[in-house]
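# Understanding the architecture of this molecule
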Amino acid sequence: MASKAEIRAELRELYGNVLSQNQVRQYLGKGTRQTIAWLQDVPFTCEGRKKNYLAIDIARKYYEQQQTAV
């Protein structure tokens, strides 16, 4: 099981510090609708119609889900 810092480092290495919804979808390996549902409670910023997510927020949620999946 990866730590939150390791997940964040991997995301930053692959995509940089800010990820688009499509990049999150690629990382998670989910479909578009599943990704939208997964991102519902993750904070984002808007650039026009595009939503941007911070790698640290994605890493936090991914890590928390790893912890609860026992």
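Residues numbered from 1 in each chain as written. Predicted model: local features only at pLDDT ≥ 70, side-chain atom pairs only at ≥ 80, totals over all residues. Heavy atoms only, no water.

This part takes up the overall build of the protein. Across its full length, the protein carries four helices and three strands. Its C-alpha radius of gyration of 12 Å places the protein within 12% of the 11 Å reference for a compact globule of 70 residues. Counting only C-alpha atoms and orienting by the principal axes, one finds that the protein spans roughly 40 × 25 × 20 Å. Looking at the 70 residues of the protein, the share that counts as buried comes to 26%. Within the protein, residue pairs in contact and separated by at least 24 positions form 52% of the contacts whose partners lie at least 6 positions apart. Accessible surface computed for the protein: about 4,800 Å², of which carbon and sulfur atoms make up 47%. When the 11 basic and 7 acidic side-chain charges of the protein are each reduced to a single mean position, those positions are 8 Å apart. (Helix = DSSP H or I, 4+ residues; strand = E, 2+ residues; numbered from the N terminus. Rg over C-alpha atoms; globule rule 2.2 N^0.38 Å. Buried < 20%, exposed > 50% of the residue type's maximum accessible area, 1.4 Å probe, protein only. Contact = heavy atoms within 4.5 Å. Areas by Shrake-Rupley, 256 points an atom, 1.4 Å probe, with all protein chains shown as cover. Lys, Arg positive; Asp, Glu negative; His and termini not counted. Charge placed at Lys NZ, Arg CZ, Asp CG, Glu CD.)

Residues Val18, Leu54 and Ile56 make up a contiguous nonpolar surface patch of roughly 220 Å² in combined accessible area. In this structure, valine 18 sits in strand 1 (residues 18-20). (Patch = residues over 30% accessible without salt bridge, like charges linked within 9 Å, V, L, I, M, F, W, Y side chains within 5 Å. Salt bridge = Lys/Arg side-chain N within 4 Å of Asp/Glu carboxyl O.)

Now for the pattern of salt bridges. Enumeration over the complete set of coordinates arrives at two salt bridges. Here lysine 61 and aspartate 41 are joined by a salt bridge, their closest N and O atoms 2.7 Å apart. Highlighted residues: lysine 61 in helix 4 (residues 55-68) and aspartate 41 in the loop between helix 3 (32-38) and strand 2 (45-47), separated in sequence by 20 residues. For lysine 61, a relative accessible area of 11% translates into the label buried. A salt bridge links glutamate 64 to arginine 60; the nearest nitrogen and oxygen atoms lie 3.5 Å apart.

Glancing now at the sheet that holds strand 3 (residues 50-54). As a general point, the strands of a sheet are linked pairwise by backbone hydrogen bonds and lie either parallel or antiparallel. Pairing is antiparallel across the open sheet formed by three strands, whose spatial order is 1-3-2. Strand pairing shows two members of the sheet lacking a second neighbour, strand 1 and strand 2, which therefore form its edges. The sheet shows a mean angle of 40° between the axes of neighbouring strands, taken without regard to direction. In this structure, strand 2 lies alongside strand 3, joined through three bridges in antiparallel fashion. Considered in strand 3, the bridge of threonine 45 is made with asparagine 52. Sheet strands touched by helix 2 (residues 21-28): strand 1 and strand 3. Its angle to strand 1, the strand with the most contacts, is close to 85°. (Pairing = 2+ DSSP bridges. Axes fitted to C-alpha atoms, helices over the stretch in contact; angles between N-to-C directions.)

Along an α-helix, residues three or four positions apart point the same way, because every turn accommodates 3.6 residues. Within the span of helix 2, buried status applies to Val24, Tyr27 and Leu28. Seen along its axis, helix 2 keeps its buried residues to an arc of 90°; they face one direction. Looking at the residues trailing helix 2, positive phi occurs at glycine 29, about 75°. (Arc of directions from axis to C-beta.)

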